[in-house]
Amino acid sequence: MLTKKTFCLFVLAFLLAMSLTNCSGTGAPTAPSPAAATTVPVSSGTSLTVSAGSSLTDAFKELGKVFENAHAGTKVNFNFGGSQDLRTQIEQGAQVDVFASADTKNMDALQTKGLLAANSQTFVHNRLVVIVPKANPAGVKELKDLAKPGLKLDVADESVPVGSYTVQMLDKLSADASYGADFKNNVLARVVSKENNVKQVVSKVSLGEADAGVVYTTDAQSAADKLTTIEVPDKYNIIATYPIAVIKPSANAALAQQFVDLVLSEQGQALLKKYGFAPR
């Protein structure tokens, strides 16, 4: 039978052995506490760059807000300008996700160089109109007045889509005997300035720096408080075709396609119609 002294010595030996075992490192490793786990950083958002013809400025800005609201954390940055300049920027390596052109010529040039992720799609149409300041100091009432001596006419350069369309319109008018074969040359002789995009034409006519200008219906509508419009009959008008596409080097191709899808959707088309664009 164990004495009290022997029992105490036994317990002391047992406790000492257990202590040595825990300190030896041969036991199972202790799991790290949840607080010690590595935190994975969360992206602050995605940026999408859309290059679009100047005439799309107001409509696309609203479309951008719609897109951002539907894609939390995404910021749509716009680059508006003449389609010819935007095309050149893309050809020179500008980081662009989506391109919306005011003509097929500049889009086709990118397609030829293999810079489109897929074939472009037409999303709207537009048409030409003549604008004059509200006060109309030159008394421009009809298309024939564009050839009046002393008139100051402002148009876009022919390298700009709307400038090219303007020349095509004048060709049609000159082919009509009621205007005469010299009508185009007489009108071009009244040009005092050629602009790099359609918004610049609107600005100069609105400020009274020119007596008249040729722009898109949509641009005239956006400045209706400052301008008077003279319609161009269908037989002389030129219908502008607007294509859109994802740019091949895009780092956000899937998101870029979603923006294109919005533009082509029923919602997008309704918004574009509100700004005066004709259906695709």
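1. Observations regarding the overall build of the protein
Regarding its fold elements, the protein presents ten helices and eleven strands. Residues classed as buried in the protein amount to 42% of the 280 residues present. Here the analysis covers contacts within the protein between residues at least 6 apart in sequence; of these, 77% occur between residues at least 24 apart. Counting every atom, the protein has about 14,800 Å² of accessible surface; 55% of that belongs to carbon and sulfur.

2. Some words on the side chain of Thr74
Within the secondary structure, Thr74 sits in strand 2 (residues 74–81). Accessibility expressed as a relative area gives 11% for Thr74, which makes it buried.

3. Looking at the side chain of Gln269
Turning to its location among the elements, Gln269 is positioned in helix 10 (residues 266–274). Owing to a relative accessible area of 16%, Gln269 belongs among the buried residues under this scheme. Within the local environment of Gln269, its side chain forms a polar contact with the backbone oxygen of Val263, the two atoms lying 3.0 Å apart. Filtering out sequence-adjacent residues up to four positions away, Gln269 remains in contact with Phe123, Val124, Val263, Leu264, Pro279 and Arg280.

4. Some points on the sheet that holds strand 1 (residues 46–53)
With mixed pairing, six strands are arranged side by side in an open sheet as 2-1-3-10-4-11. Among the strands making up the open sheet, the edge pair consists of strand 2 and strand 11 (278–279). Taken together, the five bridges between strand 4 (residues 121–126) and strand 10 (residues 240–246) define a ladder with antiparallel strand orientation. Looking across to strand 10, one finds that His125 is bridged to Thr241. Lying on the sheet, helix 4 (residues 104–112) is in contact with strand 3 (98–100) and strand 10; it crosses strand 10 at an angle near 30°. Running at roughly 150° to strand 10, helix 9 (residues 253–264) makes contact with strand 1, strand 2, strand 3, strand 4 and strand 10 of the sheet.

5. Some thoughts on the packing of helix 9 against helix 10
Helix 10 packs onto helix 9 with a crossing angle of 60° between their chain directions and a minimal axis gap of 4 Å. Between helix 9 and helix 10, the interaxial angle falls into the category oblique. Counting all contacts with helix 9, which are made through Leu262, Val263 and Leu264, the residues of helix 10 involved are Glu266, Gln267, Gly268, Gln269 and Leu272. Its residues placed into classes, the contact of helix 9 with helix 10 shows four nonpolar, three polar and one charged.

6. Concerning helix 4
A turn of α-helix holds 3.6 residues, and therefore any two residues three or four places apart point the same way. Listed in full, the buried residues belonging to helix 4 are Asn106, Met107 and Leu110. The arc that holds the buried residues of helix 4, viewed along the axis, is 100°, so those residues lie on one side. Within helix 4, the exposed residues directed more than 90 degrees away from the buried face are Lys105 and Thr112. Considering only its buried residues, helix 4 is in contact with helix 3 (83–91), strand 3, helix 5 (161–174) and strand 10. Two residues or fewer after helix 4 comes Gly114, characterised by a positive phi angle close to 70°.

7. What to know about the confidence of the model for the protein
For the protein, per-residue confidence averages 88 on the pLDDT scale, and residues scoring 70 or more make up 84% of the total. Ignoring residues within four places in sequence, the model shows residues 14–44, a span with pLDDT below 50, making two contacts including any to other chains.

8. Structural notes on the packing of aromatic side chains
Working definition: an aromatic ring pair is given by the centre-to-centre distance plus the angle between the planes. Taken as a whole and assessed by the stated rule, the structure comprises twelve aromatic pairs. Centroid distance Phe67 to Phe259: 5.5 Å. Interplanar angle 75°. Geometry classified as edge-to-face. Taken together, the residues Phe67 in helix 2 (residues 57–70) and Phe259 in helix 9 connect sequence positions 192 residues apart. Look at Phe259 and you get buried, because its relative accessible area is 0%. Aromatic side chains Tyr179 and Phe183 sit 5.0 Å apart centroid to centroid with 65° between the ring planes, which places their arrangement in the edge-to-face category. Neither Tyr179 nor Phe183 differs from the other in exposure class; each is buried.

9. Focus on the pattern of salt bridges
Opposite charge on two side chains allows them to pair when their charged atoms are near. Evaluation of the coordinates by the stated rule reveals eight salt bridges. With its nearest N and O atoms 3.2 Å apart, the salt bridge here joins Glu195 to Lys204. What makes Glu195 buried here is its relative accessible area of 7%. On the basis of relative accessibility, which here comes to 26%, the residue Lys204 falls in the partly exposed class. Look at the salt bridges and you will find they share partners, linking Arg87, Glu91 and Lys113 into a network.

10. Considering the nonpolar core
Core analysis: the biggest nonpolar cluster contains 67 residues, and Phe60, Phe123, Tyr216, Tyr242, Phe259 and Leu272 have the highest contact counts within it. With seven residues, the single largest contributor to this core is helix 9. The residues contacting Leu272, other than those within four sequence positions of it, are Ala59, Phe60, Leu63, Phe123, Val124, Val263 and Phe277. Among the nonpolar cores identified, the runner-up in size contains ten residues, and Val96, Phe99, Leu110 and Ile247 belong to it.

Analysis parameters
Chains are numbered independently. Their residues run from 1 in the order of the written sequence. Reporting of local features is limited, given that this is a predicted model, to residues whose pLDDT is at least 70; pairs of side-chain atoms are given and counted only at 80 or more, and all residues count toward the totals for whole chains, interfaces and linings. Computation of side-chain values covers all heavy atoms of the structure but excludes hydrogens and water. Counting from the N terminus, the helices are the DSSP runs of H or I reaching at least four residues and the strands are the DSSP runs of E reaching at least two. Only protein chains enter the area calculation, which uses a 1.4 Å probe; residues under 20% of their type maximum are buried, those over 50% are exposed, and those in between are partly exposed. Two residues form a contact once any of their heavy atoms are found within 4.5 Å. Values of accessible area rely on a 1.4 Å probe in the Shrake-Rupley scheme; residue burial ignores everything except the protein chains shown. Within 3.5 Å is the distance limit for a polar contact, defined as a pair of N or O atoms, with the added protein rule that one can donate a hydrogen and the other accept it, and that residues adjacent in sequence qualify only through two side-chain atoms. One requirement defines pairing of two strands: DSSP has to find at least two bridges between them. Angles run from 0 to 180 degrees between N-to-C directions of axes, and those axes are lines fitted to C-alpha atoms, restricted for helices to the stretch in contact. Should an angle fall under 35 degrees it is called roughly parallel, over 145 degrees roughly antiparallel, and 65 to 115 degrees roughly perpendicular, with every other angle called oblique. The residue classification treats Ala, Val, Leu, Ile, Met, Phe, Trp, Tyr, Cys and Pro as nonpolar and Asp, Glu, Lys and Arg as charged. All others, Gly included, are polar. Starting at the helix axis, one direction is taken to each C-beta atom, and the arc is that of these directions. What pLDDT expresses is the predictor's confidence in each residue, scored from 0 to 100. Stacked, edge-to-face and tilted labels apply to pairs of Phe, Tyr and Trp rings (six-membered ring for Trp) whose centres lie within 6.5 Å, assigned for plane angles under 30 degrees, over 60, and everything in between, in that order. Salt bridges, as used here, are contacts in which a Lys or Arg side-chain nitrogen is within 4 Å of a carboxyl oxygen on Asp or Glu. Take the buried Ala, Val, Leu, Ile, Met, Phe, Trp, Tyr and Cys residues and link them wherever side-chain atoms come within 4.5 Å; each set so joined is a nonpolar core.

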